Amino acid sequence: MKIDGKDVEFKEGQTVLEVATDAGIYIPTLCVHKDLPNFGACRLCLVKIEGMRGFPPACTTPAKDDMVVTTEDDELRSIRRNVVELLLSEHPNACIVCDDKKLCEQYRACPMKAGQITGCQLCPNKEICDLREVVEYLGIDKVDFEFEYRDVEVERCDPFFDRDYNLCILCGRCVRVCKDIRGMGVIAFTKRGHETRINTSFGKTHLEIGCRFCGACVDVCPTGALSARGTKWHGKLDSEVQTVCGLCNINCGIVAGVKWGKLVETTPDHDSYTNGQLCVLGRFCISGMVNHPLRIRYPQVRKDDWLIPVDWEEALGAVVEGLKKYEPREMAFIISQDVSNEAAFMMLQLAAKVGVEKIALAPSSGDQKAYDGGNAFGVSGLCQAAGYTPDELMTPEDVARMAGRGKIKAVYTTQDVVNIDDAEFLVIQDVYNSHSLKSAAAVLPVQSFMESEASVTSFDGVTREMKHASEPYARSRPDWEITRDILKAFEGQDYASLGDVRAAADAELAKVAKPDAQGTTSELNWFPKHIRELGDPPSKYRGMDLTVLIDDLRVLKEGRK
Amino acid sequence: MTDEPVCQDTSQAFRIVKMKAAAPNIYEMVIEAPIIARKVEPGQFVILIPDETGERVPFTISDWDTDNGTITIFFQETGVSTMKMACMKEGDVLVSVVGPLGKPAEIEKYGTVFLGGGCYGIGGIFPIARALKEAGNKVIISIEARSKYLLYNLENLGSVADELIMSTSDGSTEHKGKIHNIIQMLLDRGEKIDRAHFMGCNFMLMISSEATRPQKIPTRVALNALMVDGTGMCGCCRCTVEGKTKYACVDGPEFDGHQVDWDELFARGAHYLGDESIAYQFYGQRSCKMDMDD
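Engineer: Just checking my understanding: could you explain the overall build of chain A for this structure?
Structural biologist: Scanning chain A for helices and strands turns up 18 helices and 22 strands. C-alpha extents for chain A along the principal axes are approximately 85 × 45 × 45 Å. Looking at chain A residue by residue over its 561 residues, the buried ones come to 60%. Accessible surface computed for chain A: about 23,200 Å², of which carbon and sulfur atoms make up 48%.

Set out below in structure tokens:
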């Protein structure tokens, strides 16, 4: 077929729009999204096709042999301008037509954090707005139609995201992603004609109607109508890092948005094996977790009953000195299933060097599921490679019980453990301040999975890399590095770099059989089956209940009951 | 000023008696604060704390009622604190309201006075306009917004203005443009302006002040500086006017618009953008009562 005089080839089943896009020809559109079935709602991709009457939309017209398509001429440009101006007659457009636009954008580079958006300068979506892009492409700087503000109330009654339907252009992307990709159908077009709105059945809240708050609708919205309440006001990002989520063992691909050295948002990674979809935790909770004031800031050592912030050298010195006072049989190590392969490997190396045989995995679970820990398969695989059968591994509860009976005196744990107060010498290497800190002899602050490089082995047996995205919180260090320094003090093998540790850990993992993920991997076109549902099981990260950290998550969980 | 010290009203709760959306994103809040209502003069402000985990935020007093012991503020939602305030309802109580703070506006008979208001300033400029009118001036008020539906407080302003001119970026009112375009229009028609007052965002103050500079019209602007205590102690609201360091809270908020170091003001205002943005991640986490280690 021919597009704009250019001979192009196409595959059976492609639309005119897809063929043009593949050939590098831009046709503006607002309702098309690559993950979604085509819909033909916005009427922007209208083209001329020889032998066809009127202006067929490129997105819903199948390509045929010998078609001759014109994508751009004065007439089409005028139609498109009209379409966009009609959209702008209901979508706040003052910033687009303002005479002071240039100066204003120079002085007010960051959006204004408004509750109700009445211009681009107040809009969190400004930097990524599809509508603005089309406006700029068409060079629109005035709107001939009179503007009519819908003046509907901004919906802020639900956790996690705000909905300002004054900005909605009714492209239907949110409706389609919810129904066709996530299989939920929480929202739909309601009413007709001029009154058409996106809404839930009977106008109930999303919480009442059973929305899972995965945020897929927020991610596809071409305007600022849907926005993540906690993570929208950063403006232009400094960097975006492709990494994986560490909150469950599916390890979905996420893009970490970084600004001011801090994690300001997490969005789904479309290039990852999870096809650009996330659950509520990955989409809305990670930034708040990583920046949370409950993070441990400094290494601390107990002196005269008080935990005193000290430097790393002193803290690690106290840990080594303390551990050396005990017999190996009086010691237990608790390895969190949320730590990386490198961290777990180093813990096991240290255990072997010191002679500790009591190893517990946390959280404990006989029946292993993908959700148990951010790296459940990696950590348990490494334990297996180190010679521990599942029966030999203890649970944190066993350790607490034995500590209560005086059988275990020293505990080195990488997460919060309940009722561990009876241990004489407790070393906590953790991310958050928890109740166990009350009885800790030494506290070692660790970087979260957003701050340090590491690898995890997902439920399908594939090892995936976590990247360094945001700057480390206060004085925290990576897990593997802390344990490496302790191991060094015990005159164990010295690992110079993360690469050395990773190579050794990978070699260990290669010894064990890959997890049997046949049943699950075969369904890997899998949405929404394997994106976990909240509350199944409790959402925790290294023993810390995430509903304590993220208030909206508590609201969601309580609303679910 | 009387001898009575400026004090925090501790005699009763700062109850919200009226809460209303004046325009999209702009709210009118009437607060019970009898002592402040008795003492306030045009151009002064209060610092209030919305809730027990809230921060101190300054707001221009936009009207008051001595008989009922109330003050009115208009505020724009533009951060976590104002988001909390926007969610409050009539009958709710603010944790604290301190004021009146700052120097009152200079009110004399000047002749023709031009007042320009944008965003919260459309509400905040009213007491100054009223006092200037009462002092015998010809008062021309111009207000600006992106579009017609964002203008408010028209009745109040109309009652004290000899002329009220509405300008909008999108041309949905008679005049397309901003306040600086209106000043030019007035000058073009031969109006002699003896003094100008501006209240609104810093960007609007800067652009408007530039418009009165060529004619050397004495120009007063109510600066928006980040502020903590409001009594000259913390130095957070530092700004440079006529090459000298000033505190917007005790030396202002009004300054000579032609002498302000705008670049510094914008730079200082942007200093906490990161923290302001990240604060949204923790909004509503008031249930989080665990001890923190610092």
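Engineer: Sorry, what's going on with the interface of chain B and chain A here?
Structural biologist: Much of the literature gives interface size as the accessible area that the parts lose upon coming together. Residue-level contacts link 42 residues of chain B with 53 residues of chain A. Around 4,000 Å² of area is buried between chain B and chain A when both sides are counted, 58% of it from carbon and sulfur atoms. Where chain B packs against chain A, one counts five salt bridges. K178(B) is the partner of D100(A) in a salt bridge, and the nearest nitrogen-oxygen pair spans 3.7 Å.

Engineer: Would you take a moment to explain the domain arrangement of chain B for this structure?
Structural biologist: All names here are of chain B. The assigned domain composition of chain B is domain 1 (14–101) and domain 2 (112–269). Contacts between the two partners involve 18 residues from domain 1 and, on the opposite side, 21 residues from domain 2. A combined buried area of about 1,600 Å² lies between domain 1 and domain 2, and 67% of that area is made up of carbon and sulfur atoms. Our enumeration of links across domain 1 and domain 2 arrives at one salt bridge.

Engineer: What am I meant to see in the confidence of the model for chain A here?
Structural biologist: Predicted coordinates in areas of low pLDDT are best not read in detail. Residues and elements named next belong to chain A. Per-residue pLDDT for chain A averages 88, and the proportion of residues at 70 or more is 94%. Mean pLDDT in chain A bottoms out at helix 16 (residues 518–521), which sits at 44, and peaks at strand 18 (residues 442–445), which reaches 97. Predicted confidence is poor over residues 518–530, with pLDDT under 50, and the contacts of this stretch with residues over four places away or in other chains come to 20 contacts.

Engineer: How should I be thinking about empty space enclosed by the protein in this particular structure?
Structural biologist: Using the criterion set out here, one finds 11 cavities of 30 Å³ or more in the structure. Of the volumes computed, that of the largest cavity is approximately 460 Å³. If you trace the largest cavity, you find 32 residues lining it, with R108(A), E144(B), A145(B), R146(B) and K178(B) closest to the centre. Those elements giving two or more residues to the lining of the largest cavity turn out to be helix 3 (94–97) and helix 4 (101–107) of chain A together with strand 9 (138–145) and helix 7 (202–212) of chain B. A per-element tally of the lining of the largest cavity places helix 7 of chain B first, with four residues. For the lining of the largest cavity, the class distribution of residues is 17 nonpolar, eight polar and seven charged.

Engineer: Is there a simple way to explain the sheet that holds strand 12 (residues 300–303) of chain A in this structure?
Structural biologist: Two strands in a sheet stick together by hydrogen bonds in their backbones, pointing the same way (parallel) or opposite ways (antiparallel). All names here are of chain A. Strand order in the open sheet made by the seven strands is 13-12-18-17-16-14-15, with mixed pairing throughout. This sheet does not close on itself; its edge strands, each paired only once, are strand 13 (306–309) and strand 15 (358–362). When strand polarity is set aside, the average angle formed by the axes of neighbouring strands in this sheet is 20 degrees. Its contacts with the sheet put helix 10 (residues 312–324) on strand 12, strand 14 (331–336), strand 16 (410–413), strand 17 (425–430) and strand 18, and the angle it makes with strand 18 is roughly 130 degrees.

Engineer: Can you walk me through the domain arrangement of chain A in this structure?
Structural biologist: All names here are of chain A. Assigned domains of chain A: these are domain 1 (2–72), domain 2 (111–228), domain 3 (239–293) and domain 4 (300–542). Its C-alpha centre places domain 2 at a distance of 22 Å from the equivalent point of domain 3. The interface is formed by 13 residues belonging to domain 2 together with nine residues belonging to domain 3. A buried area of about 770 Å², summed over both sides, lies between domain 2 and domain 3, and 58% of it is on carbon and sulfur atoms. Sorting the residues of domain 2 by area buried against domain 3 places F160, R182 and D219 first, and these three jointly supply 50% of that buried surface. Between domain 2 and domain 3 we count one salt bridge in total. The partner of R283 in a salt bridge is D219, with the nearest N and O atoms 2.8 Å apart.

Quick notes on the rules
- Residues numbered from 1 in each chain as written.
- Chains lettered and ligands numbered in written order.
- Predicted model: local features only at pLDDT ≥ 70, side-chain atom pairs only at ≥ 80, totals over all residues.
- Heavy atoms only, no water.
- Helix = DSSP H or I, 4+ residues; strand = E, 2+ residues; numbered from the N terminus.
- Buried < 20%, exposed > 50% of the residue type's maximum accessible area, 1.4 Å probe, protein only.
- Areas by Shrake-Rupley, 256 points an atom, 1.4 Å probe, with all protein chains shown as cover.
- Contact = heavy atoms within 4.5 Å.
- Buried area = accessible area lost by both parts, 1.4 Å probe.
- Salt bridge = Lys/Arg side-chain N within 4 Å of Asp/Glu carboxyl O.
- Domains from an automatic or database assignment.
- pLDDT = per-residue confidence, 0-100.
- 1 Å grid on protein atoms, 1.4 Å probe; cavity = no way out; pocket = protein on both sides within 12 Å on 5 of 7 lines; lining within 4 Å.
- Points joined across faces, edges and corners; volume = space filled by probe spheres on them.
- Nonpolar A, V, L, I, M, F, W, Y, C, P; charged D, E, K, R; others polar.
- Pairing = 2+ DSSP bridges.
- Axes fitted to C-alpha atoms, helices over the stretch in contact; angles between N-to-C directions.

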